[in-house]
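Architecture at a glance
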Amino acid sequence: MPTPPSAPVQWPAEAIWQAVSLQLPDFSVEVLPQIDSTNSELMRRAHAGRMEPVLLVAEQQTAGRGRLGRSWQTDAAASAQALTFSLGLPLRPQDWSGLSLAVGLSVASSLHADLQLKWPNDVWWHDCKLAGILIETAGLGDVRYAVIGIGINITLPQAQGLSTPPAALQALLPGVDAPAALLRIAAPLVAAVKRFETQGFAPLRAAFQARDVLLGREVQCGDGLQGLAQGVDDLGALLLSTAAGMKKITSAEVSVRPSSAPKASP
Ligand code: BTN
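First things first, this report covers the structure right here in the doc.

Thresholds, definitions, all that
- Residues numbered from 1 in each chain as written.
- Predicted model: local features only at pLDDT ≥ 70, side-chain atom pairs only at ≥ 80, totals over all residues.
- Heavy atoms only, no water.
- Helix = DSSP H or I, 4+ residues; strand = E, 2+ residues; numbered from the N terminus.
- Rg over C-alpha atoms; globule rule 2.2 N^0.38 Å.
- Contact = heavy atoms within 4.5 Å.
- Areas by Shrake-Rupley, 256 points an atom, 1.4 Å probe, with all protein chains shown as cover.
- Lys, Arg positive; Asp, Glu negative; His and termini not counted.
- Charge placed at Lys NZ, Arg CZ, Asp CG, Glu CD.
- Axes fitted to C-alpha atoms, helices over the stretch in contact; angles between N-to-C directions.
- Parallel < 35°, antiparallel > 145°, perpendicular 65-115°, else oblique.
- Left-handed = near helix turned anticlockwise from the far one by under 90°.
- Nonpolar A, V, L, I, M, F, W, Y, C, P; charged D, E, K, R; others polar.
- Buried < 20%, exposed > 50% of the residue type's maximum accessible area, 1.4 Å probe, protein only.
- Pairing = 2+ DSSP bridges.
- Near = heavy atom within 4 Å.
- Polar contact = N/O pair within 3.5 Å; in protein donor to acceptor, adjacent residues only side chain to side chain.

As for the overall build of the protein
Check the secondary structure of the protein and you find seven helices and twelve strands. For 266 residues, the compact-globule estimate of 2.2 N^0.38 gives 18 Å, and the C-alpha radius of gyration of the protein, at 18 Å, lies within 12% of that figure. Taking the principal axes of its C-alpha atoms as reference, the protein extends roughly 60 × 50 × 30 Å. The contacts in the protein between residues at least 6 apart in sequence include a share of 67% that link residues at least 24 apart. Surface exposure of the protein reaches about 12500 Å², of which carbon and sulfur atoms provide 54%. Counting 20 positive and 22 negative side-chain charges, the protein places the averaged centre of each group 5 Å from the other.

Details of the packing of helix H1 (residues 13-20) against helix H6 (residues 178-199)
The N-to-C vectors of H1 and H6 enclose an angle of 20°; their axes lie 9 Å apart at closest approach. When the interaxial angle is binned, H1 and H6 end up roughly parallel. The hand of the H1/H6 crossing is right-handed. Residues Ala15, Ile16, Ala19 and Val20 of H1 lie in contact with H6, whose contacting residues are Leu182, Leu183, Ala186, Ala187 and Val190. Grouping the constituent residues of the contact of H1 with H6 by class yields nine nonpolar, no polar and no charged.

Focus: the pairing of strand E8 (residues 218-221)
In regular strands, side chains alternate between the two faces of the sheet. Across the two faces of E8 the burial differs, with Val219 and Cys221 buried and Glu218 and Gln220 not buried at all. Direction of pairing for E8 relative to strand E9 (residues 226-232): antiparallel, over a ladder of three bridges. The partner of Gln220 across the bridge, within E9, is Gln226. Across three bridges, the pairing between E8 and strand E12 (residues 256-258) is antiparallel. Looking at the pairing, Cys221 lines up with Val256 of E12.

Looking at the site of the ligand
Close to the ligand lie 20 residues; Ser37, Gln61, Arg65, Arg67 and Lys129 are nearest. Here Thr38 contributes a side-chain N or O atom positioned 3.1 Å from a nitrogen atom of the ligand. The side chain of Gln61 places a nitrogen or oxygen atom 2.9 Å from a nitrogen atom of the ligand. Considered on its own, the ligand offers 420 Å² of accessible surface; in the complex 98% of this is hidden by protein. Mapped onto the shell around the ligand, the elements with two or more residues apiece are helix H2 (38-47), strand E3 (82-91), strand E6 (128-138) and strand E7 (144-153).

Quick word on the packing of helix H4 (residues 99-111) against H6
Where H4 meets H6, the closest approach of the two axes is 9 Å, and the angle between their N-to-C directions is 145°. Here H4 runs over H6; the crossing is right-handed. Contacts between H4 and H6 involve Leu99, Ala102, Val103, Ser106, Val107, Ser110 and Leu111 on the former and, on the latter, Ala181, Arg184, Ile185, Pro188, Leu189, Ala192, Val193 and Phe196. Residues of the contact of H4 with H6, tallied by class, amount to twelve nonpolar, two polar and one charged.

What follows is the structure in structure tokens.
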């Protein structure tokens, strides 16, 4: 017997639009069954002059991209297993430093009190990676188009060769699916990004620190630097106490990994 087709996924596009359109008047929500990458699509649109605020969701990405030139793999039938979307909007912050931390903090806060953040913007649970964030910008001058791409494991991915073991949202929130996760995240994320635009990262420093998975741990940077993580500064730079003194790591292009075990809970 052929397998019956699965029911179409019901996305809460209308509810998200209602919650966001007051803050972003031209906002729209778009769901595509398949695309190479939601980030690539919004960057293509921006380069073609289309800079309107949009939340673009893909039920499946065929060429998802991660940070540091890595790929972001999702399985077939992806919408059951992963939530992949990008928020694109024009932004003019005084300083872009810390945007990725603000985004990670918003995602973690919308999902669960126990989630942690791994500088600069991964969402971790018990030293496993639940979500990744890729931020790109297009355009020059005061106002640029920011593309904030987010991938969240709803169930455990089959992907091989991951540098960090994966975590699944359903382990924290049993029964949650990709549309329900998107509904929790989308409106608070837009509000957080708009707040960042006017206030920057500094007001979020304490909240980031409370979820900072690296804090108080030995870390190793991809460029060989090692040190004890001491939190982040007002611009979101990672503070590392090293043999050569305190160093500030600002480049999101550096990979940073804990090399000591997590701190024991009190
Ligand atoms: C990382 O952890 O390296 C970042 C992963 C970001 C993945 C998301 S999925 C939606 C958006 N489209 C992409 O191609 N990448 C981001």
